[in-house]
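Read off the chains here:
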Amino acid sequence: MHDARHKGGPGRRPHRRPLEHGDLSLLILSLIQDTPRHGYDLITQIETRTAGAYKPSPGVMYPALEVLQDMGHVEIVPNGSKKVYHITAEGKAKLTEAEDDLARISDKLVRLAAPSVRAAVHQLHDAVKSYMRENDVSETERAEIVEILDEAYQKIGALKANDDDS
């Protein structure tokens, strides 16, 4: 029996949260401290800071904002049809006491934004699969795709050879 969070069956790692419990709240406070923001803006700011690696869903963002409001760390100032969240004195105090956690969260965001080999492999796989499925691929195109993939394989293999020479 395997964990329901596993994708693809046994042997696969479970899906991990990009941020630890409580980190999202601190990140939200730090973003609001910089500039008062509405919920969707917070979602896009986090997505931008992680180069698309993490985009909190509205189902995660808005409950986190409600908790911050209940704790007195943020207040809502209506702006037209949008609720703009502003940090309160209590929220600023929370950020001050959590400086070490904020540094750790910032490091995590930088790592999330770093190019991922796994993501690149998935993109390549998806590109080849999509092209093959959506096009009437000729033998010439098929051979060209194989040549491109073989060239990538050889270049990656050469990296190891270069390391051995050093």
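The numbers attached to residues start from 1 for each chain and follow its sequence in the written order. Given that this is a predicted model, residues contribute local features only at a pLDDT of at least 70 and side-chain atom pairs are listed and counted only at 80 or more, while totals for whole chains, interfaces and linings are drawn from all residues. Side-chain figures throughout are based on the complete set of non-hydrogen atoms in the structure, without hydrogens or water.

Asks: Lay out the overall build of the chain in plain terms, naming residues and giving numbers.
Replies: When its secondary structure is counted, the chain shows seven helices and two strands. Secondary structure elements of the chain, listed N to C terminal, follow the sequence α-α-α-β-β-α-α-α-α. Buried residues are those whose accessible area, probed at 1.4 Å on protein chains only, stays under 20% of the maximum for their type, while exposed residues exceed 50% and partly exposed ones sit between those limits. With 166 residues in all, the chain has 25% of them scored as buried. Residue contacts are defined here by distance: any two heavy atoms, one from each residue, within 4.5 Å place the two residues in contact. Intrachain contacts of the chain at a sequence separation of at least 6 include 48% that bridge at least 24 residues. Counting every atom, the chain has about 12,000 Å² of accessible surface; 53% of that belongs to carbon and sulfur. Secondary structure follows DSSP: runs of H or I at least 4 residues long count as helices, runs of E at least 2 residues long count as strands, and numbering of each begins at the N terminus. In short, Shrake-Rupley with a 1.4 Å probe defines the accessible areas, and a residue's cover is counted only from the protein chains shown.

Asks: Run through the side chain of Asp23, naming residues and quoting values.
Replies: Mapped onto the secondary structure, Asp23 falls in helix H1 (residues 23–34). Classification of Asp23 as buried rests on a relative accessible area of 4%. In this structure Asp23 touches Arg104 and Ile105, once residues within four positions along its chain are discounted.

Asks: Before we move on, could you go through the packing of H1 against helix H2 (residues 39–49) and cite the residues and values that matter?
Replies: Throughout, an axis means a line fitted to C-alpha atoms (over the contacting stretch in the case of helices), and angles, computed between N-to-C directions, take values from 0 to 180 degrees. At a closest axis distance of 11 Å, the pairing of H1 and H2 adopts a crossing angle of 105°. Of the possible angle classes, the one that applies to H1 and H2 is roughly perpendicular. Contacts between H1 and H2 involve Leu24, Leu27, Ile28, Leu31, Ile32 and Asp34 from the first element and Leu42, Gln45, Ile46 and Arg49 from the second. An angle counts as roughly parallel when it lies under 35 degrees, as roughly antiparallel when it exceeds 145, as roughly perpendicular when it falls between 65 and 115, and as oblique in every other case.

Asks: For the pairing of strand S1 (residues 74–79), give the residues involved together with the corresponding values.
Replies: Pairing between strands is defined by DSSP: at least two bridges between them are needed. Where S1 meets strand S2 (residues 82–87), six bridges bridge the pair, whose relative direction is antiparallel. By the bridge assignment, Glu75 is partnered in S2 with His86. Between S1 and S2, which pair antiparallel and follow one another directly, the connecting turn spans two residues, one of which, Gly80, has a positive phi of 65°.

Asks: Describe the packing of H1 against helix H3 (residues 58–70), naming the residues involved and giving the relevant values.
Replies: Between two packed helices, both the angle of their axes relative to each other and the distance between the axes serve to describe the pair. Relative to each other, H1 and H3 sit at 75°, their axes nearing to 10 Å. Taken together, the axes of H1 and H3 lie roughly perpendicular to each other. In this structure, H1 contributes Leu24, Ser25, Ile28, Leu29 and Ile32 to the contact, and H3 contributes Val60, Met61, Ala64, Leu65 and Leu68. Grouping the constituent residues of the contact of H1 with H3 by class yields nine nonpolar, one polar and no charged. Each residue gets one of three labels, nonpolar for Ala, Val, Leu, Ile, Met, Phe, Trp, Tyr, Cys and Pro, charged for Asp, Glu, Lys and Arg, and polar for the others, Gly among them.

Asks: Lay out the pattern of salt bridges in plain terms, naming residues and giving numbers.
Replies: Should a side-chain nitrogen of Lys or Arg be within 4 Å of a carboxyl oxygen of Asp or Glu, the pair is scored as a salt bridge. Across all of its chains, the model carries seven salt bridges by this definition. We note a salt bridge from Asp23 to Arg104, for which the minimum N-O separation is 2.9 Å. Residue Asp23 is found in helix H1, and its partner Arg104 is found in helix H5 (residues 99–113); the two are separated by 81 residues along the sequence. Arg104 sits in the partly exposed class, given a relative accessible area of 36%. A salt bridge links Lys94 to Glu97, with the nearest nitrogen and oxygen atoms 3.6 Å apart. Placement of both Lys94 and Glu97 in helix H4 (residues 89–97) is noted, with a separation of three residues, approximately one turn of the helix. Several salt bridges share partner residues, and in doing so they unite Asp23, Asp101 and Arg104 into one network.

Asks: Explain the confidence of the model for the chain to me, using residue names and the numbers behind them.
Replies: Taken as a whole, the chain shows an average pLDDT of 85; of its residues, 88% reach a score of 70 or greater. Between the elements of the chain, mean pLDDT differs from a low of 82, seen in helix H6 (residues 117–134), to a high of 96, seen in H4. The quantity called pLDDT is the predictor's confidence in a given residue, expressed from 0 to 100. In this model residues 1–14 is a low-confidence stretch, pLDDT under 50, and it forms nine contacts with partners more than four residues away in sequence or in other chains.

Asks: Hey, could you go over unusual backbone geometry for me, with residue numbers and the actual values?
Replies: At Ala51, a residue that is not glycine, the phi angle is positive and equals roughly 50°. As for its placement among the helices and strands, Ala51 is situated in the loop between H2 and H3. Look at Ala51 and you get exposed, because its relative accessible area is 57%.

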